[in-house]
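Coordinate inspection notes
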Amino acid sequence: MLNDLFYGMRDIRNEYKELNVTANKTGEAIQLPNSSCNVRIDTEELTGDATLSIKFEESADGVTFNEIGTFPIPDSHHGILFAKFKDYVRYSLIVSGSNPNLNVQICF
């Protein structure tokens with residue numbers, strides 16, 4: 001049910017697409033005004049032994065980051081909610097498997 005809530009969430013202000021992800025990748029600093037963060041992760045090709053986790057970090061200045069948490073993405077549509085206390089966040093995609101090739105969409 002939680003995934004249904006995130007999948008239908010409105011007022012998406014930030015949407016990022018990472019195409020053909022075959023190795024770990026870190027996104028850019030994103031300025032978010034709210035103290036809580038609703039994130040929807042949609043991915044394609046999460047098949048076989050391919051796995052995906054996403055790590056979120058926060059920063060006061062957009063340069064020096066501290067980890068908020070790392071979350072496994074067990075299915076193609078997944079929602080994450082976390083509190084943030086600083087102005088900026090960024091994500092890192094953590095992929096593994098023998099031959100991962102993922103298209104990932106991250107919506108805030």
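Before reading on, note that the structure itself is shown above.
An account of the accompanying structure is given in this report. (Residues numbered from 1 in each chain as written. Predicted model: local features only at pLDDT ≥ 70, side-chain atom pairs only at ≥ 80, totals over all residues. Heavy atoms only, no water.)

**As for the overall build of the protein chain**
Helix and strand counts for the protein chain stand at 1 helix and 9 strands. Beginning at the N terminus, the succession of helices and strands in the protein chain can be written as α-β-β-β-β-β-β-β-β-β. Sorting the 108 residues of the protein chain into buried and exposed places 39% on the buried side. Counting only contacts in the protein chain whose residues sit at least 6 apart along the sequence, the fraction spanning at least 24 positions is 79%. When the accessible surface of the protein chain is split by element, carbon and sulfur atoms take 46% of a total near 6300 Å². (Helix = DSSP H or I, 4+ residues; strand = E, 2+ residues; numbered from the N terminus. Buried < 20%, exposed > 50% of the residue type's maximum accessible area, 1.4 Å probe, protein only. Contact = heavy atoms within 4.5 Å. Areas by Shrake-Rupley, 256 points an atom, 1.4 Å probe, with all protein chains shown as cover.)

**A few points about the environment of Ile-54**
Mapped onto the elements of the fold, Ile-54 is located in strand E5 (residues 51–59). Each C-alpha atom of the pair Ile-54 and Val-95 lies 8.7 Å from the other, and the pair is 41 residues apart in sequence. Sequence-distant contacts of Ile-54, defined by excluding residues within four places in its chain, comprise Ile-41, Gly-69, Thr-70, Phe-71, Ile-73, Ile-80, Tyr-91, Ser-92, Leu-93 and Ile-106.

**Thoughts on the sheet that holds strand E7 (residues 77–83)**
Spatially, 4 strands are ordered E1-E9-E4-E7 in an open sheet, and the strand pairing comes out antiparallel. Only two strands of the sheet have a single neighbouring strand rather than two, namely strand E1 (15–21) and E7. Sheet twist, expressed as the average angle between the axes of neighbouring strands with direction ignored, equals 20°. Here 5 bridges tie strand E4 (residues 36–44) to strand E9 (residues 102–107), and the two strands are oriented antiparallel to one another. Across the sheet, residue Glu-44 finds its bridge partner in E9, namely Asn-103. (Pairing = 2+ DSSP bridges. Axes fitted to C-alpha atoms, helices over the stretch in contact; angles between N-to-C directions.)

**Let's talk about the packing of aromatic side chains**
Scanning all chains against the criterion turns up 6 aromatic pairs. With a centroid separation of 4.7 Å and an interplanar angle of 40°, the aromatic rings of Phe-56 and Phe-82 are classed as tilted. Taken together, the residues span a long stretch of sequence, with Phe-56 in strand E5 and Phe-82 in strand E7 at a distance of 26 residues. As far as the burial class goes, Phe-56 and Phe-82 line up, both buried. Connected via pairs of aromatic rings, a cluster forms that spans Tyr-16, Phe-56, Phe-71, Phe-82, Tyr-91 and Phe-108. (Phe/Tyr/Trp six-rings, centres within 6.5 Å; stacked < 30°, edge-to-face > 60°.)

By themselves these figures say nothing about function.
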